[in-house]
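What follows is each chain in one-letter form.
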Amino acid sequence: MRSADLFDRLAPGYDELLPFFSSFGREIVAVLDPAPASELLDVGAGRGAVSAAAVSSGCRVTAVDAAPHMVELLWREHPDVVARVMDAESLDFPTDSFDIAVGAFVIHLVDNPAAALSEVRRVLRPGGVVAVTMPGPYEDGGRWDRFNALVAEYEARVSTGEPFGRPLDVAVALRAAGFVDVHEEHVEVHLPVESPLRLWDFQMSHGFAGFVESLDHEDATELRRRALAELDRMRADGGIVLDRGATIHVARVP
Ligand SMILES: C[S@@+](CC[C@H](N)C(=O)[O-])C[C@H]1O[C@@H](n2cnc3c(N)ncnc32)[C@H](O)[C@@H]1O
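Below you will find a few notes about this structure.

Cut-offs and rules
- Residues numbered from 1 in each chain as written.
- Predicted model: local features only at pLDDT ≥ 70, side-chain atom pairs only at ≥ 80, totals over all residues.
- Heavy atoms only, no water.
- Pairing = 2+ DSSP bridges.
- Helix = DSSP H or I, 4+ residues; strand = E, 2+ residues; numbered from the N terminus.
- Axes fitted to C-alpha atoms, helices over the stretch in contact; angles between N-to-C directions.
- Contact = heavy atoms within 4.5 Å.
- Parallel < 35°, antiparallel > 145°, perpendicular 65-115°, else oblique.
- Nonpolar A, V, L, I, M, F, W, Y, C, P; charged D, E, K, R; others polar.

## Comments concerning the sheet that holds strand 6 (residues 180-193)
One open sheet accounts for 7 strands, arranged 3-2-1-4-5-7-6; its pairing is mixed. Of all the strands in the sheet, just strand 3 (82-85) and strand 6 have a single pairing partner and so form its edges. Shown here is a sheet whose adjacent strand axes are inclined to one another by a mean of 20°, direction ignored. Pairing geometry for strand 1 (residues 39-43) and strand 4 (residues 98-104), over 4 bridges, is parallel. What sits directly across from V43, in strand 4, is G103. Set on the sheet, helix 2 (residues 20-32) makes contact with strand 4, strand 5 (124-136), strand 6 and strand 7 (240-252); between it and strand 6 the angle comes to about 145°. Helix 4 (residues 68-77) contacts strand 2 (60-65) and strand 3 of the sheet and is inclined by roughly 170° relative to strand 3.

## Considering the packing of helix 6 (residues 145-155) against helix 10 (residues 217-236)
How two helices pack is summed up by the angle between their axes together with the distance between the axes. Following both chains from N to C, one finds helix 6 and helix 10 inclined at 175°, their axes separated by 10 Å at the closest point. Judged by the inter-axis angle, helix 6 sits roughly antiparallel to helix 10. Of helix 10, the residues touching helix 6 (which contributes R146, F147, L150, E153 and Y154) are D219, E222, L223, R226, A227, E230, L231 and R233. Of the residues belonging to the contact of helix 6 with helix 10, the class tally is 6 nonpolar, no polar and 7 charged.

The following block contains the structure:
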């Protein structure tokens, strides 16, 4: 399944249950600290987590996503953003169009990351900045260890289709695309969650749903039951807090 097809289906509930991607969007824009009126391209923009934060920082924002439903909702919620349905691997913009390009939680989902990064470099002006964000480490005092071990148990059982998301060395890929000054920033969010079911429903509102859907029906049902039991234990043990981290790979065009 193309990841954009999954996200097209998930669009109505995406980032609605917890302010997860929007929190990371604010963190990413804070790290970039764009100059006022910078022209920023948000690639694989989803419902505009980064776009909204960039507009608040005074950027002129163009957002593209391959999922039409995401683009429709983004445009409805953020009419000040120019939003277009577009494949990251084939950007329909002239060379040297933008000062900043951001790809948040998307580059590992596209079929050909090298093609997407090469397109991003093409549409950035000389000296332009790119920020590619991937899921990253986080400090949780060990409270997610059991949950994560449970998920890993089922990841080993995925029986059908392509894996959802591929491992990618972003720094290497950025250098290969011709970017320089490649470095990393690290950000985290820690969001209180009111109930096990809300956490599970949040999980099923983004890419995790692609993993669960790739399990046999019985395994998927069993994972949900065991995950909810584990989350119940976490709630009794002081409350559920969604701890997650991201690595922002920042680089520039020479
Ligand atoms: C995990 S979401 C991240 C969305 C947004 N950047 C955020 O932080 O909330 C990944 C997004 O990438 C989009 N996507 C996947 N493949 C794409 C492609 N080849 N070109 C453009 N967008 C793509 C999906 O439709 C989805 O909206």
